[in-house]
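Descriptive structure summary
Here is how the chains run, residue by residue.
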Amino acid sequence: MPQLRKDPIIGRWVIIATARAKRPQDFNHLSEEKPEITAEGPCPFCPGHEHLDKEIIAYRKGGPPNSPNWWVRVIPDKYPVVKREGPLNKYGEGMYDRMEGVGSHEIVICSPEHNITLAELPVSQFREILWAYRERFLALKLEKYIKHILVVHNYGRQAGGWMRHPHSQLVALPVIPKTIKEETEGARRYYKYKERCIYCDIIREEMRSPQERVIFKDHSFIALTPFASRSPFEVCILPRRHSPSFEEIKESEITKLAEIMKNILEQIKNVLDDPSYNLILHSAPFAKSPLPYYHWHIEIKPALVHLAGFEWGTGFYINPTPPEEAAKYLRGD
C-alpha cells in the first residue's frame, strides 16, 4: 500500500509509491532522445489489449465493456501512486505524520492510435478527452476520502512521458497538494483584501494590453504567458467566466477549450521543434460550497530547461525567455 508522509517543516505531503519501488541500479540517466515514432512492440493501451485492464469508462461505437471500437478509454494505472482499497488510517510515528495512500490513479487513453500526439488530434477527439476528464471528476468527488483531483499529461521523455501512446493521468488524492494549497490560500488573501477573484483580475489586466502576453482569446477562454512565468514558453489557459472547479465546465465551453488547446499545442510543436512538455489541469479542492476566490486553469510547460542547485536551494525559477517574447512567437507575430 502506498503511503503519504508529511514534511514537518513546510507541510508538504510526499507519496512513497511502493508499487513503483526501484533499486539503485534501476535509476538510469534520462536519455536526451525523444520516444521512438514507430510502435515499441506490444502496447497495453492499443486496441486488441482491452482484456489486460478492466476499464472504468469508455466511449465506443457499441459492444460490451473491455472490447474494441473505442475512441477514449479510462483504466486503472498498473502502478498507482495511490490505491482505492483500504482505510485512510491517519497516524503518527513519533513527531511525524503519515496516512495510507488511499485515492484513485487512473489512465485516460486519449486515442486508439499509438503514434499520434495531442497536437495532431482533431478537435472532436480532444473534446472527448476533456469530457472524460469531467465525467471522472464528477464521479470521484462523491468518494468519501477524495479532497482533490489533478490531471497531468506528460509528453516526451524530458517531461516524464515514457510511453509513446497518448495518455493522461488522473490522480484523486486524500489530501490537498502543497501547490494547490498555496494557490488557494494566496487567492483567498487577495479576495479578503479586495473582494475580487485574483484570477478574474489577471484576465482583466491582460485584456488591457492583449499584445503583451495574450496568445489567444474568445468569449469563453484566454490563453496567455504568465507575467512571472517560471519556465520559457509557459502557457496558462483560463475560462473567462469565474469558475473554481473544472467539472462545472459547460458543454459549449468544452468544444471551445478543445480548439484552444489544440491550437496552442500545435504552435508549441511548430515554434519549439516538438519539445517535451507537461500539461497540468488545476481545479479547486472539493468543498461544500464553490470557492469565490479560486479559478480552475490549465498550465502547459515545455521542458526546455532543467532545475539545478540554485533553483532547488532557493525556490526561485530562472526563465531565460521573457513571457512577452514567448507570446509573440506563439501568436505567430
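Residues numbered from 1 in each chain as written. Predicted model: local features only at pLDDT ≥ 70, side-chain atom pairs only at ≥ 80, totals over all residues. Heavy atoms only, no water.

1. Some thoughts on the pattern of salt bridges
Summed over all chains, the structure comprises 21 salt bridges. In this structure, K178 engages E182 in a salt bridge whose closest nitrogen and oxygen atoms are separated by 2.2 Å. Separated by four residues within a single helix, K178 and E182 lie in helix α2 (residues 178-194), roughly one turn from each other. For K178, a relative accessible area of 27% translates into the label partly exposed. Where R230 meets E299, a salt bridge forms, and the shortest distance between an N and an O atom there is 3.4 Å. Of this pair, R230 sits in the loop between β11 (221-224) and β12 (235-239) while E299 sits in strand β14 (residues 297-302); the two residues are 69 residues apart in sequence, bridging distant segments of the chain. Given the relative accessible area of 29%, R230 is considered partly exposed. Three or more residues joined by partner-sharing salt bridges are found here, namely R230, E234, E299 and K301. (Salt bridge = Lys/Arg side-chain N within 4 Å of Asp/Glu carboxyl O. Helix = DSSP H or I, 4+ residues; strand = E, 2+ residues; numbered from the N terminus. Buried < 20%, exposed > 50% of the residue type's maximum accessible area, 1.4 Å probe, protein only.)

2. Quick notes on the confidence of the model for the protein chain
A low pLDDT score tells you not to read the predicted coordinates there in detail. Per-residue confidence for the protein chain averages 88 on the pLDDT scale, and 91% of its residues sit at or above 70. Taken as a whole, residues 29-39 scores under 50 in pLDDT and shows 22 contacts with residues more than four places along the chain or in a different chain. (pLDDT = per-residue confidence, 0-100. Contact = heavy atoms within 4.5 Å.)

3. Remarks on the sheet that holds strand β8 (residues 148-155)
Remark on secondary structure: sheet strands pair via backbone hydrogen bonds, oriented parallel or antiparallel. Here we have ten strands laid out as an open sheet, ordered β3-β4-β7-β9-β8-β13-β14-β12-β11-β10, and antiparallel in their pairing. Strand pairing shows two members of the sheet lacking a second neighbour, β3 (57-60) and β10 (214-217), which therefore form its edges. Averaged over all pairs of adjacent strands, the angle between strand axes in this sheet comes to 15°, irrespective of strand direction. As paired strands, β3 and strand β4 (residues 70-76) are joined by four bridges and run antiparallel to one another. Within β4, the position partnered with R60 by the bridge is W70. Sitting on the sheet, helix α1 (residues 123-140) is in contact with β3, β4, β7 (104-109), β8, β9 (167-173) and β13 (277-282), with an inclination near 35° to β4. (Pairing = 2+ DSSP bridges. Axes fitted to C-alpha atoms, helices over the stretch in contact; angles between N-to-C directions.)

4. A look at the nonpolar core
With 50 residues, the main nonpolar core has L118, V235, I237, L257, I264, I298 and I300 as its most contacted residues. For this core, the element with the most residues is helix α4 (residues 251-271), which contributes eight residues. Leaving out residues up to four positions away in the same chain, V235 has contacts with I215, A223, L224, P226, I264, I268, I298, E299, I300 and L330. Membership of the second largest hydrophobic core comes to 15 residues, among which are I180, C197, I222 and Y293. (Core = buried A, V, L, I, M, F, W, Y, C linked by side-chain atoms within 4.5 Å.)

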